[in-house]
Amino acid sequence: MSAARAWIAVLGVVAIAVGPARAFYLPGVAPKEFEDGDRVEIKVNKLTSTKTQLPYDYYSLPFCRPAEVNNAAENLGEVLHGSVIKNSPFDIRMGESSFKVLCRKQLSDSEVKLFETRIREEYRIHMIMDNLPAATKMYREMADGKVVTMYDRGYSLGYVGPANAPMGGMTALPDKKAKGMAYINNHLRFVIKFHKDESFTGARIVGFEVEPLSVNHKYKGEFTEDLTQLKLETVPVGPDLPPQRVSSDAGGASIIFTYDVKWEHSDIRWASRWDLYLYMGDDQVHWFSIINSLAIVLLLTGIVAMIMMRTLRRDLNRYNEVDKEDLQEESGWKLVHGDVFRPPPLPLLLASSAGTGVQLFLMSFISILCAMLGFLSPANRGGLLTATVLLYVLMGIPAGYYSAYLYKSLKGAEWQKCTLCTALFYPGVVFLLIFLLNFFMWGKGSSAALPFGTMVALLAMWFGISVPLVFLGAFFGYKAKLPDQPVRTNEIPRQVPLQAWYMQGAFNILMGGILPFGAIFIELFFIMTSIWLQRFYYVFGFLMIVLLILVITCSEISIVLCYFQLCNEDYHWWWRAFLTSGSSGLYLFAYSIMYFYTQLEITNPVTTMIYFGYMGIAALVFFLITGTVGFYSSWQFVWTIYSAVKVD
């Protein structure tokens, strides 16, 4: 009970961090004040679509360009995420509300067709102002009838509407399967919110909203970008004006791109300006997930407590008091004491799997912890992904140590091969899969395709930092002194009795993965929605609680099934302990299949391949993490119970 109270206390402390994890962060840059008339730069990022999952460079479409296009500074995470941040021709001055013509583009047939294709694929455009992403305001009605304001990333490139669309403000055709005309949002209304305070001079930008409109601009006389000379007939711009159609059937087109700026004072402080972006809606779903997971943990904790407090104590008293003659007629886990520490088949693969699992677990735990405490700011684009990659590389030391230590415990002598397997096998599988997927993204011209220089940099980090660190950890792991085993291993293996169908390996393994997956599947839905549906996710306080619950669940289900296995005189527990909780990775991949058919609208075969490729990598990572947790818990459990047995 004291252990249970301790876990509840830990979860309580983490729960306190849930609120601050959403509202508090350490910003990636210092606040910037703008004086009236100062230029406020807008940077363009990329085009994304939930239907194709293939991001593209903003200037892959024939938009208006500045005189010179410059790439903004990028970190590794931005590159891996497919971001391509560049400058733009928008000229915005602090406090100046104005209407401006950006340019007129005379599009060729191929350019019109490209625009139409991207619109039908429901692409959204992403921009950045003062490190804030452009967002479209949405209104959502909650279960209690309260209407809350939420933000969606970017704004729509255009929409598909009826042939005679009367309005320019439509965002989608009601029936998505209906064939309609494509309309481009060629007018942007920037709603910029600013905050002023006596503690600083000037104004700070705290909100960046975009209201896209489609307007078929008309003018008299000659076209000129000088508004004093241009006689536009479609000013002021509103949703009641005829929209701008783009159709490959009509051939080329001439499109005028315009924008206007609206400034709004806001009481939101600069430190809280991300709160509206990161608002996840109803928190009750997350709390339901936590309660559901805690119910599973309490059930397993009760079973483990019963085993440890009652069954094991009774068994130990009986085994330590009976005569040897009576012991021969006994059955149970005590009878396999001479074989329980017999090395399993494929010890090198088991050791490298456990070592890689330790590496991935520490990487995940530290990344989520830093994000929960606010050290990985959403303002620092790509910061979380960059930190995750660097942590994986640096965690090569514990990976090498634990794999070498386990391999030595299993009487392994080829520690160099074990270390190489730890450093190269699973990372090699993942890198090869990503490399193959990258070829398809290269073929599509997507910005998600890793540049050759980035691939070389990743290989340099892998072979130049990670592999040496794995060997360094393995050196200390293999040099570490092993404790004496609590029981001796017999020279002749004991025959395992015929097992009942429900104690067979495959059935046990598949049943063991259900509860760990059940502890995280609700939060998994939000994470996958964030990744594949381009939604904001920053409730890392909840995620940390779920991770702790997952660790407890994996430990307890592995211990329970390992105990039942030993009670049936089956001492082949090494691999089964790893696979029991690790099989939850199989359920994660099965869930990704269901999610694909129920939540996504992907029809492109290349995108389908990319989706299942990345979800396969996620399932492999989850398998290694959960399998490692279950394995080390079972190993400690077996070591503990056999240490308490008196054997001559």
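Report follows, based on the coordinates. Position numbers for residues count from 1 along each chain, tracking the sequence in the order it is written. Reporting of local features is limited, given that this is a predicted model, to residues whose pLDDT is at least 70; pairs of side-chain atoms are given and counted only at 80 or more, and all residues count toward the totals for whole chains, interfaces and linings. Side-chain measures were taken over the full set of non-hydrogen atoms in the model, leaving aside hydrogen atoms and water.

## A look at the sheet that holds strand E16 (residues 245-246)
When DSSP finds two or more bridges between a pair of strands, those strands are recorded as paired. Secondary structure follows DSSP: runs of H or I at least 4 residues long count as helices, runs of E at least 2 residues long count as strands, and numbering of each begins at the N terminus. Here we have 3 strands laid out as an open sheet, ordered E10-E11-E16, and antiparallel in their pairing. Each edge of the open sheet is held by one strand with a lone partner, namely strand E10 (158-161) and E16. Where E10 and strand E11 (residues 181-184) come together, 4 bridges link them in antiparallel fashion. Counted as the bridge partner of Gly161 is Met181 from E11. Each of E10, E11 and E16 touches helix H4 (residues 109-120); the most contacted strand, E11, lies at about 95 degrees to it. Should any heavy atoms of two residues lie within 4.5 Å, those residues are considered in contact. Interaxial angles span 0 to 180 degrees and are taken between N-to-C directions of axes, which are lines fitted to C-alpha atoms, for helices over the stretch in contact.

## A word on empty space enclosed by the protein
Cavity: a set of points on a 1 Å grid over the protein atoms alone where a 1.4 Å probe fits but cannot get out. Pocket: an open set with protein on both sides within 12 Å along at least five of seven lines, its lining residues, like those of a cavity, having an atom within 4 Å of a point. Grid points are joined across faces, edges and corners, and a volume is the space filled by probe spheres set on the points. Taken as a whole and assessed by the stated rule, the structure comprises 5 cavities of 30 Å³ or more. For the second largest cavity, the calculated volume is near 110 Å³.

## Some remarks on the pattern of salt bridges
Here, a salt bridge means any side-chain nitrogen of Lys or Arg that lies within 4 Å of a carboxyl oxygen of Asp or Glu. In the structure shown here, the tally under the stated rule is 16 salt bridges. As a salt-bridge pair, Arg39 and Asp91 come within 3.7 Å of each other at their nearest N and O atoms. A residue pair is termed long-range when its members are at least 10 positions apart, and Arg39 in the loop between helix H2 (18-23) and strand E1 (42-48) and Asp91 in the loop between strand E3 (86-87) and strand E4 (99-107) qualify at 52 residues. A simple rule labels every residue: compare its accessible area, found with a 1.4 Å probe on the protein chains alone, to the largest value its type can have, and call it buried under 20%, exposed over 50%, or partly exposed in between. By relative accessible area, Arg39 is classed as partly exposed at 37%. Residue Arg93 pairs with Asp91 through a salt bridge whose shortest N-O separation is 3.3 Å. Taken together, the shared-partner salt bridges connect Arg39, Asp91, Arg93 and Lys100 into one network.

## What about the packing of helix H13 (residues 505-512) against helix H16 (residues 574-582)?
Helix packing for two helices is described by the angle between their axes and how far apart those axes are. Closest axis-to-axis distance for the H13/H16 pair is 6 Å, and the angle between their directions is 40 degrees. One way to sum up the angle between H13 and H16 is to call them oblique. Residue-level contacts link Gly505, Asn508, Ile509 and Gly512 of H13 to Arg576, Leu579, Thr580 and Ser581 of H16. Of the residues contributing to the contact of H13 with H16, the split by class is 2 nonpolar, 5 polar and 1 charged. Relative orientations are named as follows: roughly parallel for angles under 35 degrees, roughly antiparallel for angles over 145 degrees, roughly perpendicular for angles from 65 to 115 degrees, and oblique for any other angle. The residue classification treats Ala, Val, Leu, Ile, Met, Phe, Trp, Tyr, Cys and Pro as nonpolar and Asp, Glu, Lys and Arg as charged. All others, Gly included, are polar.

## Focus on a negative patch on the surface
Together, Glu35, Asp36, Asp38 and Glu96 make up a region of like negative charge exposed at the surface. The residue Glu96 is located in the loop between E3 and E4 in this model. Patches here are clusters of residues that have more than 30% relative accessible area and form no salt bridge, with a 9 Å joining cutoff for like charges and a 5 Å cutoff for nonpolar side chains (Val, Leu, Ile, Met, Phe, Trp, Tyr). The Shrake-Rupley method, run with a 1.4 Å probe sphere, supplies the accessible areas, and residue values consider only the shown protein chains as cover. A residue counts as positive if it is Lys or Arg and as negative if it is Asp or Glu; His and the chain ends are not included. Lys charges are placed at NZ, Arg charges at CZ, Asp charges at CG and Glu charges at CD.

## Here's the deal with unusual backbone geometry
Phi angles above zero are rare outside glycine, and Asn131 is one such case at about 70 degrees. Taking the relative accessible area as the measure of exposure, Asn131 reaches 17% and is therefore buried. If you check the backbone angles, Lys411 has positive phi at about 65 degrees while not being a glycine. Among the structural elements, Lys411 can be located in the loop between helix H10 (396-409) and helix H11 (415-444). Exposure remark for Lys411: the relative accessible area of 61% places this residue in the exposed category.

## Re the nonpolar core
Judged by nonpolar contacts, the single largest core of 101 residues is most densely connected at Ile92, Met127, Phe190, Phe208 and Phe257. If one sorts the elements of this core by residue count, helix H15 (residues 540-567) sits on top with 12 residues. Those residues in contact with Phe257 that lie beyond four places of it in its chain are Phe63, Cys64, Val101, Leu102, Cys103, Lys105, Phe115, Ile184 and Asn186. Joining through side-chain atoms within 4.5 Å is the link that ties buried Ala, Val, Leu, Ile, Met, Phe, Trp, Tyr and Cys residues into a set, and such a set is a nonpolar core. Met363, Tyr407, Leu410 and Leu566 belong to the second largest nonpolar core, which has 36 residues in total.

## Quick word on the environment of Pro427
Looking at where Pro427 falls in the secondary structure, it is placed in helix H11. Classification of Pro427 by relative accessible area gives buried; the value is 12%. C-alpha of Pro427 to C-alpha of Thr356: the two residues are 71 residues apart in sequence and 8.8 Å apart in space. When neighbours within four sequence positions are excluded, Pro427 is seen to be in contact with Tyr392, Thr422 and Trp462.

## Quick notes on a nonpolar patch on the surface
Nonpolar side chains collect at one region of the surface, where Trp501, Tyr502, Phe507, Leu510, Met511, Ile514 and Leu586 lie side by side and expose about 710 Å² of accessible area between them. Top contributing element to the nonpolar patch by residue count: H13, with 3 residues. As for its placement among the helices and strands, Leu510 is situated in helix H13.

## A few points about the state of the cysteines
Counting rule for disulfides: a pair of cysteine sulfur atoms within 2.5 Å. Applying the stated criterion across every chain, the model contains 1 disulfide. Disulfide partner of Cys64: Cys103, at an S-S distance of 1.8 Å. Here Cys64 and Cys103 share a disulfide; its torsion about the S-S bond, -75 degrees, makes the bridge left-handed. Note that Cys64 is positioned in the loop between strand E2 (56-57) and helix H3 (76-80) and Cys103 in strand E4, a separation of 39 residues in sequence. On the basis of relative accessibility, which here comes to 10%, the residue Cys103 falls in the buried class.

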